[in-house]
Amino acid sequence: MDEGGRVRRAVVTGGAGFVGSHLCDRLREEGAEVVCVDNLLTGSLDNIDGRRDDPGFTLDRRDVSDAFDVPGPVDLVLHLASPASPHDYARHPLETLRAGAHGTQNALELAHRKGARFLLASTSEVYGDPLVHPQVESYWGNVNPVGPRSQYDEAKRYAEALTTAYRSTKGVDTVIVRLFNTYGPRMRPKDGRAVPTFITQALAGEPLTVAGDGAQTRSICYVDDTVSGILAAAVSGQQGPINLGNPVELSVLDLARHVRDLCRSESPIVFVERPGDDPSLRRPDIGLARSVLGWQPVVDFDKGLALTIDWFSRLPVSGR
Ligand code: NAD
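The notes below deal with the structure included here. Please read these numbers as outputs of a predicted model, since none were measured by experiment. Within each chain, residue numbers correspond to sequence positions counted from 1 in written order. Only residues with pLDDT of 70 or above have their local features reported here, since the model is predicted, and side-chain atom pairs are shown and tallied only from 80 upward, although totals for entire chains, interfaces and linings are computed over all residues. Heavy atoms throughout the structure, all of them, feed into the side-chain values; hydrogens and water do not.

**Regarding the environment of R157**
Secondary structure elements follow DSSP: runs of H or I no shorter than four residues count as helices, runs of E no shorter than two count as strands, and numbering proceeds from the N terminus. On the secondary structure map, R157 appears in helix α4 (residues 150–170). Taking the relative accessible area as the measure of exposure, R157 reaches 30% and is therefore partly exposed. Contact between two residues is taken to exist if any of their heavy atoms lie within 4.5 Å; hydrogens are not considered. Setting aside chain neighbours within four positions, we find R157 in contact with V126, W140, G141 and V143. To sort residues, take the accessible area from a 1.4 Å probe on protein chains only and compare it with the maximum for the residue type: under 20% means buried, over 50% means exposed, and anything in between is partly exposed.

Shown next, in the form of structure tokens:
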């Protein structure tokens, strides 16, 4: 980073994914050169299509779970590569564990070689089905190590431990952020997460499928806010972990009703079986992010959802 704390050249692993592609866009808008390292396991070239003719952006298509290098100077490594939606990590359990373990180590090694700052995109899933609410960083979580989400939860917990060890033993300048549910344009319609599922169902006039009785809660953060938080953490001197999310909490049933209303849809709501180990409560305590980063979400829920619905409604019907 230059004397003003501006990023000159960043590596974004998972940069062709949902959050990663928005992060690449923001870094480019702020003048940083970006190398996106992604094997397109769950990401897509469409997400980075806008950067096709951008000389400051490079896609290095590779699996970060295999050792890799990036030629030239790097001052920031942002490690996001990992399947992230429940459907994706259920389909790719071993890849998810490898991305959290070997992928994180390879990204840390890159940061170590380059003398770069390293940011780990961890997750609220490290809290499991929480016994403390809202979730504060000092809470250690309630995670089933052999359950249907364990490949993701434990991979991220290991990634946090590895990042901590690289900081203490090798002096890598690291920060861990724990992202809570993020939504926005470029989510995949069928990735199994609540927002794209409800939007595509409402737009198609199909029943909205709410898991269980819908009383479980979620707190969803618009992607622009998440990206601002990631970058604020990246250029801070903090080591984390720092929660990044929107503390507005609502039940999954209320979310479904809200999406249906905003889509002006008359779809019925139906109740389906709740997946195993689905957390009952999710709400970040963002006091730390507020105080040390001066960050908090600014995009209001209705606006964020309207932007997301608008984006989904422009997708060809076959792509929804
Ligand atoms: P995503 O699936 O859209 O993006 C992940 C990207 O990583 C994809 O482009 C995928 O192709 C790439 N990838 C996966 N394994 C890889 C590998 N071995 N080598 C190279 N590339 C690989 O998911 P997302 O929602 O954008 O999530 C990005 C990161 O943020 C993940 O680490 C996830 O755990 C974290 N996160 C996201 C959320 C959320 O709500 N979206 C919440 C918490 C944490």
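Additional details are given in the paragraphs that follow.
**Brief notes about the site of the ligand**
In the vicinity of the ligand lie 30 residues, with D38, T42, L80, Y152 and K156 positioned nearest. What qualifies as a polar contact is a pair of N or O atoms within 3.5 Å, subject to a donor-acceptor requirement within protein and to the restriction that residues adjacent in sequence count only when both atoms come from side chains. Within the side chain of K156, one N or O atom sits 2.7 Å away from an oxygen atom of the ligand. For the ligand, an oxygen atom lies 3.0 Å from a polar atom in the side chain of R193. Relative to its free-state accessible area of 820 Å², the ligand is covered by the protein chains to the extent of 98%. Whether a residue is near a molecule or strand depends on its heavy atoms: it is near if one of them lies within 4 Å of it. Accessibility throughout is a Shrake-Rupley quantity obtained with a 1.4 Å probe, and a residue counts as covered only by protein chains that appear here.

**With respect to empty space enclosed by the protein**
The method works on a 1 Å grid over the protein atoms by themselves. A cavity is a set of points holding a 1.4 Å probe that cannot get out, a pocket is an open set with protein on both sides within 12 Å along at least five of seven lines, and residues with an atom within 4 Å of a point line them. Grid points are joined across faces, edges and corners, and a volume is the space filled by probe spheres set on the points. On inspection of all chains with the given rule, the structure shows one cavity of 30 Å³ or more. Quantified by volume, the largest cavity comes out at close to 40 Å³. Contributing elements (two or more residues each) for the lining of the largest cavity: α3 (93–114) and α4. In this count, Pro and Cys sit with the nonpolar residues alongside Ala, Val, Leu, Ile, Met, Phe, Trp and Tyr, while Asp, Glu, Lys and Arg are called charged and the others, Gly among them, polar. Taken together, the residues of the lining of the largest cavity break down into five nonpolar, four polar and one charged.

**Regarding the side chain of T226**
Inspection of the secondary structure assignment puts T226 in helix α6 (residues 223–234). Sequence-distant contacts of T226, defined by excluding residues within four places in its chain, comprise V19, L179, T182, C221 and L244.

**Quick notes on the nonpolar core**
Only buried residues count toward a nonpolar core, which is a set of Ala, Val, Leu, Ile, Met, Phe, Trp, Tyr and Cys residues joined through side-chain atoms within 4.5 Å. With 59 residues, the main nonpolar core has L23, L27, L78, L119, F198, I230 and L244 as its most contacted residues. With six residues, the single largest contributor to this core is α6. L23 has contacts with V12, L78, L80, V227, I230 and L231, leaving out every residue within four places of it along the chain. The next biggest cluster of nonpolar side chains, apart from the first, holds 21 residues, and it includes V35, V64, A111 and L120.

**So, the pattern of salt bridges**
By salt bridge we mean one thing: a side-chain nitrogen of Lys or Arg within 4 Å of a carboxyl oxygen of Asp or Glu. Inspection of the entire model under this criterion finds 25 salt bridges. In this structure, R193 and D191 form a salt bridge, with 2.8 Å as the shortest nitrogen-oxygen distance. Assessed through its relative accessible area of 24%, R193 is described here as partly exposed. Connected through shared salt-bridge partners, E125, R149, R218, R274, D278 and R282 make up one network.

**Details of helix α9 (residues 301–314)**
Given 3.6 residues per helical turn, the α-helix brings residues three or four places apart onto the same face. Taking 1.5 Å as the rise per residue, α9 with 14 residues should run 20 Å; its terminal C-alpha atoms sit 20 Å apart, in good agreement. Within the span of α9, buried status applies to G304, L305, T308, I309 and F312. One side of α9 holds all its buried residues, which, seen down the axis, span an arc of 130°. Turned more than 90 degrees off the buried face of α9, the exposed positions are K303 and R314. On its buried side, α9 packs onto β7 (182–183), α5 (194–204), β10 (221–222) and α7 (252–262). One side-chain oxygen of the residue at the start of α9 lies 3.2 Å from the amide nitrogen of D302, identifying that residue as D300. A helix is expected to span 1.5 Å multiplied by its residue count minus one. Directions are taken from the helix axis to each C-beta atom, and the arc is the one they span.

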